[in-house]
Amino acid sequence: SDETLMKEWKAGGPEVLWETSVGPGFAGAAVAGNRAIMFDRDAGRERVRCLETSSGKMLWENGTKTSYQGGVSEDKGPRCVPLISGNYVITLGVEGLLRCLKLEDGTEVWKRDTTADFRPLEGYFGVGSTPVVYKNLVIVNVGGKDASIVAFDLSTGETAWKAFTDNASYSSPIVARFGEKDLAVVVTRLHVVGLEPMTGKQVFSISFGARGPTVNGATPVVTKNRIFLSSSYNIGSLLLECDGETAKESWRDEEFLATQYATPVSSSTNDSVFFAVDGRQDAGRGTCSLKCLDLASHKVLWEESGFDYGTLVRVNKDVLFLTCTGELIRFEDNAGSFKERSRSTVLQPTDRGYRLPAISGGRLFIRDDESFKALAIGPTK
């Protein structure tokens, strides 16, 4: 994020500007302008709500029925962060219902039942890979036979293309530029796949993942011509070199980084340097490490242990680390050593803070099992 943070926060942490109740689910908020989109569970419904970012006032609500009762996790979904593109809001429910709503009033434009249409095998935690929009297409990690990855027309919901065969993962697709070419990079259950985003033509497929009770959860990150992947469950990390026409393995390393689902974030000063959370949320409190990594040299620049699991967002020269137990830790974007600037408890310490935070207009949007909050972290707009 290129937001401007306050130089210092109060001793108790950033001020809570407003908060509202929220239902179960692991989906964080999506924010555009003065609108924040929430996606949660409300009894037998998956509910989409649009809130005014300045006040928390609800502007509209739209819900659909769901009967999902949870698998390995007791949480009943939804899992995927909503997606805002122009005047459209895209949601993907825990049972695979893909919907497009109007941002202005929540009116449904179209919907697709990806489970009925493509018959993917059910994952351990239901459906949990947030789609990505590229031009007029919505690209989804579906997991069907000959339809592992499916693109839908953003305006109509019609199938534009489908490709590859593998089960879905919990990693979200991205689109990145390599040389003169855009590629969709998708981590599936057992592979990382590169596709031409407008046609679905496969450019490369490389094994990544492991059979058995494992999950690929972190989103791939791209820096110049490098694609970096990491997963826990004895899988570890993989670095690829890609020129847009092919990809080759640079190195694999089980010990370098093994992150369960939190995506590494880049440094502001060196595009080869990344900060990451090493470990697993279900391993218990204080079992994870923060690492600063140099991908090009394949070195760990520093490591600080004793943390709970959580997610990272870099904001200019600072990194915000929101832990699953409700702490917000602010540390410097510094490749030389770990330098903590502040630490405060901002959510209930329930060990269930999986949800990704969002930053917009000087506000940090966070949620736990009961409340959705906007915190003042910079000049508000």
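Residues numbered from 1 in each chain as written. Predicted model: local features only at pLDDT ≥ 70, side-chain atom pairs only at ≥ 80, totals over all residues. Heavy atoms only, no water.

**Student:** Please give an account of the overall build of the chain that cites residues and values.
**Tutor:** Looking only at helices and strands, one finds one helix and 32 strands in the chain. Rg of the C-alpha trace for the chain: 20 Å, near the compact-globule value of 21 Å for 381 residues, within the 12% margin. In terms of overall dimensions, the chain has C-alpha extents of about 55 × 50 × 40 Å along its principal axes. The burial tally for the chain puts 58% of its 381 residues in the buried class. Here the analysis covers contacts within the chain between residues at least 6 apart in sequence; of these, 49% occur between residues at least 24 apart. When the accessible surface of the chain is split by element, carbon and sulfur atoms take 46% of a total near 15,300 Å². Side-chain charges of the chain comprise 44 positive and 49 negative groups, with the mean position of each set lying 2 Å from the other. (Helix = DSSP H or I, 4+ residues; strand = E, 2+ residues; numbered from the N terminus. Rg over C-alpha atoms; globule rule 2.2 N^0.38 Å. Buried < 20%, exposed > 50% of the residue type's maximum accessible area, 1.4 Å probe, protein only. Contact = heavy atoms within 4.5 Å. Areas by Shrake-Rupley, 256 points an atom, 1.4 Å probe, with all protein chains shown as cover. Lys, Arg positive; Asp, Glu negative; His and termini not counted. Charge placed at Lys NZ, Arg CZ, Asp CG, Glu CD.)

**Student:** So what about empty space enclosed by the protein? Which residues, and what values?
**Tutor:** Tallying each qualifying case throughout the model produces one cavity of 30 Å³ or more. Approximately 40 Å³ is the volume attributed to the largest cavity. For the largest cavity, the full set of lining residues is Phe39, Glu46, Val48, Thr64, Thr91, Leu92, Gly93, Leu97 and Arg99. Only β4 (45-52), β7 (88-92) and β8 (97-102) provide two or more residues apiece to the lining of the largest cavity. For the lining of the largest cavity, the residue count by class is four nonpolar, three polar and two charged. (1 Å grid on protein atoms, 1.4 Å probe; cavity = no way out; pocket = protein on both sides within 12 Å on 5 of 7 lines; lining within 4 Å. Points joined across faces, edges and corners; volume = space filled by probe spheres on them. Nonpolar A, V, L, I, M, F, W, Y, C, P; charged D, E, K, R; others polar.)

**Student:** How would you explain the sheet that holds strand β24 (residues 288-294) if you had to name every residue and give the values?
**Tutor:** Read across the open sheet, the four strands follow the order β22-β23-β24-β25; overall the sheet is antiparallel. Since the sheet does not close on itself, it has two edges, and those belong to β22 (265-266) and β25 (299-307), each with one partner. Pairing between β22 and strand β23 (residues 273-278): two bridges, direction antiparallel. Considered in β23, the bridge of Val265 is made with Phe275. (Pairing = 2+ DSSP bridges.)

**Student:** Any chance you could break down the nonpolar core for me, citing the residues and the numbers?
**Tutor:** Core analysis: the biggest nonpolar cluster contains 21 residues, and Val192, Phe204 and Ile227 have the highest contact counts within it. For this core, the secondary structure elements donating two or more residues are β14 (174-178), β15 (181-187), β17 (202-207), β19 (226-231) and β20 (236-242). Among residues more than four places away in sequence, those in contact with Ile227 are Phe178, Val185, Phe204, Pro220, Val221, Val222, Leu238, Leu239, Leu240 and Cys242. By size, the runner-up hydrophobic cluster in this structure holds 18 residues, among which are Val277, Leu290, Val319 and Phe321. (Core = buried A, V, L, I, M, F, W, Y, C linked by side-chain atoms within 4.5 Å.)

**Student:** Give me the sheet that holds strand β30 (residues 358-360): which residues, what numbers.
**Tutor:** Overall, antiparallel pairing links the four strands, which are arranged β1-β32-β31-β30 in an open sheet. The sheet is open, and its two borders are formed by β1 (15-21) and β30, each paired with just one other strand. For this sheet, the mean angle separating the axes of adjacent strands, direction not counted, is 20°. As judged from the six bridges shared by β1 and strand β32 (residues 371-376), these two strands associate in the antiparallel manner. Bridge pairing links Thr20 to Phe372 in β32. (Axes fitted to C-alpha atoms, helices over the stretch in contact; angles between N-to-C directions.)

**Student:** Account for the pairing of strand β13 (residues 159-163), with residues named and values stated.
**Tutor:** Judged from the four bridges that link them, strand β12 (residues 147-153) and β13 form a sheet pairing that is antiparallel. Paired with Ile149 across the strands is Ala163, a residue of β13. Linking β12 to β13, which pair antiparallel, is a turn of five residues; within it Gly157 sits at a positive phi near 85°.

**Student:** Give me the pattern of salt bridges: which residues, what numbers.
**Tutor:** As enumerated under the stated definition, the model contains 22 salt bridges in all. Salt-bridge contacts for Glu61 lead to Arg45; the nearest nitrogen and oxygen are separated by 2.5 Å. Of this pair, Glu61 sits in strand β5 (residues 58-65) while Arg45 sits in strand β4; the two residues are 16 residues apart in sequence, bridging distant segments of the chain. Using a relative accessible area of 34% as the deciding quantity, one classes Glu61 as partly exposed. Arg45 sits in the partly exposed class, given a relative accessible area of 26%. The salt bridge partner of Glu241 is Arg226, with a shortest N-O separation of 4.0 Å. Taken together, the residues span a long stretch of sequence, with Glu241 in strand β20 and Arg226 in strand β19 at a distance of 15 residues. Glu241 gets classed as partly exposed once you look at its relative accessible area, which sits at 22%. (Salt bridge = Lys/Arg side-chain N within 4 Å of Asp/Glu carboxyl O.)

**Student:** Describe the packing of aromatic side chains, naming the residues involved and giving the relevant values.
**Tutor:** Per the counting criterion, the structure on display carries 17 aromatic pairs. Taken together, a centroid distance of 5.6 Å and an interplanar angle of 70° make the contact between Phe125 and Tyr170 edge-to-face. With Phe125 in the loop between α1 (114-118) and β10 (132-134) and Tyr170 in the loop between β13 and β14, the pair connects residues that are 45 residues apart, well separated along the chain. Residue classification places Phe125 among the partly exposed residues on the basis of a relative accessible area of 23%. Judged by its relative accessible area of 17%, Tyr170 falls in the buried class. Ring pairs connect the aromatic residues Phe275, Trp302, Phe307, Phe321, Phe331 and Phe338, which therefore count as one cluster. The residue whose ring lies beneath Arg330 is Trp9, and the NZ or CZ to ring-centre distance is 4.6 Å. (Phe/Tyr/Trp six-rings, centres within 6.5 Å; stacked < 30°, edge-to-face > 60°. Lys NZ or Arg CZ within 6 Å of the ring centre and 35° of its normal.)

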